[in-house]
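Fold and contact review
Each chain, written out:
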Amino acid sequence: LMGAQDELADVREENEDDETLFAWTTPDPLEDSEEIRLLNMKLLHLIIQRCQHQLFPFLNDVVTLLVLGLGDRFPDVKQECFACIVKVCELFPVRIRGCSVDLCKITMPSLKHKLSRIRISAIHATKALIVAGAAQAIRTLTAFREHNVIVLKAFFHG
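All values derive from a computational prediction rather than experimental measurement.

Attention shifts here to the overall build of the protein. Within the protein, the secondary structure is distributed over nine helices and zero strands. Secondary structure of the protein in N-to-C order comes out as α-α-α-α-α-α-α-α-α. Looking at the protein residue by residue over its 158 residues, the buried ones come to 38%. Pairs at least 24 apart in sequence give 73% of the contacts found in the protein among residues at least 6 apart. Summed over all atoms, the accessible surface of the protein reaches about 9,700 Å², with 58% contributed by carbon and sulfur.

Overall, the prediction assigns the protein a mean pLDDT of 81, with 73% of residues at 70 or greater. Element-level mean pLDDT values for the protein span from 46 in helix α2 (residues 18-21) up to 95 in helix α5 (residues 75-91). Segment residues 17-24 is flagged for pLDDT under 50; beyond a separation of four residues in sequence, or across chains, it makes 19 contacts in the model.

Here T107 shows up in helix α6 (residues 97-107). Exposure remark for T107: the relative accessible area of 0% places this residue in the buried category. At 2.7 Å, the side chain of T107 forms a polar contact with the backbone oxygen of L103. Once you skip the residues sitting within four places of it in the chain, T107 turns out to touch L70, F82, I85, A122, A125, T126 and L129.

Moving on, we come to the pattern of salt bridges. A side chain of one charge can pair with a side chain of the opposite charge when the charged atoms of the two come close. Scanning the entire structure with this criterion turns up three salt bridges. With a shortest N-O distance of 4.0 Å, E90 and K87 are connected by a salt bridge. Of the two residues, E90 and K87 are both situated in helix α5; the distance of three residues between them amounts to about one turn of the helix. In this structure E90 comes out as exposed when scored by relative accessible area, which is 55%.

Its place among the elements puts H124 in helix α7 (residues 116-131). On the accessibility criterion, H124 (48% relative accessible area) is partly exposed. Through-space distance from the C-alpha of H124 to that of I85 is 9.2 Å; in sequence the pair is 39 residues apart.

Turn by turn, an α-helix covers 3.6 residues, leaving residues three or four places apart pointing in a common direction. Counted at 1.5 Å a residue, the expected span for helix α4 (residues 59-70) with its twelve residues is 16 Å, and the 16 Å between its end C-alpha atoms agrees. Among all positions of α4, only L59, V62, V63, T64, L66, V67, G69 and L70 are buried.

Further remarks concern the packing of aromatic side chains. Summed over all chains, the structure comprises one aromatic pair. With a centroid separation of 5.9 Å and an interplanar angle of 45 degrees, the aromatic rings of F56 and F92 are classed as tilted. In this pair, F56 sits in the loop between α3 (34-50) and α4 while F92 sits in the loop between α5 and α6, placing the two residues 36 residues apart along the sequence.

Once that is clear, we can look at the nonpolar core. Burial of nonpolar side chains together is a common tendency in soluble globular proteins. Within the largest apolar cluster, 35 residues are counted, with the highest numbers of intra-cluster contacts made by L66, I85, V88, I96 and L103. Counting residues per element, the ones that place at least two in this core are α3, α4, α5, α6 and α7. Examining the composition of this core, we find that seven residues originate from one element, α5, more than from any other.

A word on α6. Counting buried positions along α6 yields eight of eleven residues, so the element is predominantly enclosed. Listed in full, the buried residues belonging to α6 are C99, S100, V101, D102, L103, C104, I106 and T107.

Rules behind the numbers
Each chain carries its own residue numbering, running from 1 in the written order of its sequence. It should be noted that, the model being predicted, local features are given only for residues of pLDDT at least 70 and side-chain atom pairs only at 80 or more, the latter also being counted only at that level, while totals for whole chains, interfaces and linings use all residues. Heavy atoms from the whole structure form the basis of all side-chain values; hydrogens and water molecules are not counted. Under the DSSP-based scheme used, a helix requires at least four consecutive residues in state H or I and a strand at least two consecutive residues in state E, with every element numbered from the N terminus. Type-normalised accessible area, obtained with a 1.4 Å probe on protein chains alone, sets the label of each residue: buried when under 20%, exposed when over 50%, and partly exposed for intermediate values. Throughout, a residue-residue contact means that at least one pair of heavy atoms, one from each residue, lies within 4.5 Å. Residue-level accessible areas treat just the shown protein chains as cover; the underlying method is Shrake-Rupley with a 1.4 Å probe. For every residue, the predictor assigns a confidence score, pLDDT, that lies between 0 and 100. The term polar contact refers here to a pair of N or O atoms within 3.5 Å; inside protein, the definition further demands a hydrogen-donor-capable atom paired with an acceptor-capable atom, and it admits residues adjacent in sequence only when both atoms are side-chain atoms. When a carboxyl oxygen of Asp or Glu is within 4 Å of a side-chain nitrogen of Lys or Arg, the pair counts as a salt bridge. A helix is expected to span 1.5 Å for every residue after the first. Geometry of aromatic contacts follows a simple scheme: Phe, Tyr and Trp rings, the Trp one being its six-membered ring, pair when their centres are within 6.5 Å, and the pair is stacked under 30 degrees between planes, edge-to-face over 60, tilted otherwise. The criterion is simple. A nonpolar core is a set of buried Ala, Val, Leu, Ile, Met, Phe, Trp, Tyr and Cys residues joined through side-chain atoms within 4.5 Å.

Below you can see the structure in the form of structure tokens.
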């Protein structure tokens, strides 16, 4: 999972504050056709379901594909990607723990998606990631703020 963790670390560095975190998307996909990207994600989901034990050595590649799928602008690709995340978290909860926080942070922009089915799928994926080890993301999800922290805007503008 080292390659995927490096890729997720780059995303983490780019999205330090929460405002840019909810605006994160991947660059434009190489494949222009939304339907082909959806079929690719469905194929990945099928591979995850059917080749559970043989998938372990390729988990790094699966996580990389999930990161790219989460940044896709086509809602059906995102929904299929969330289903893949849930399945991967069920199959490999210990192995996915290392990148579950970063995957959870990348999932967060979809919690504000305009389609309810995408928001619901994102909630299910976030739940699976938190159970798999992304408990640190709960603070970000709940907009936790320390009691002694003053918002700068409120401090300077009264």
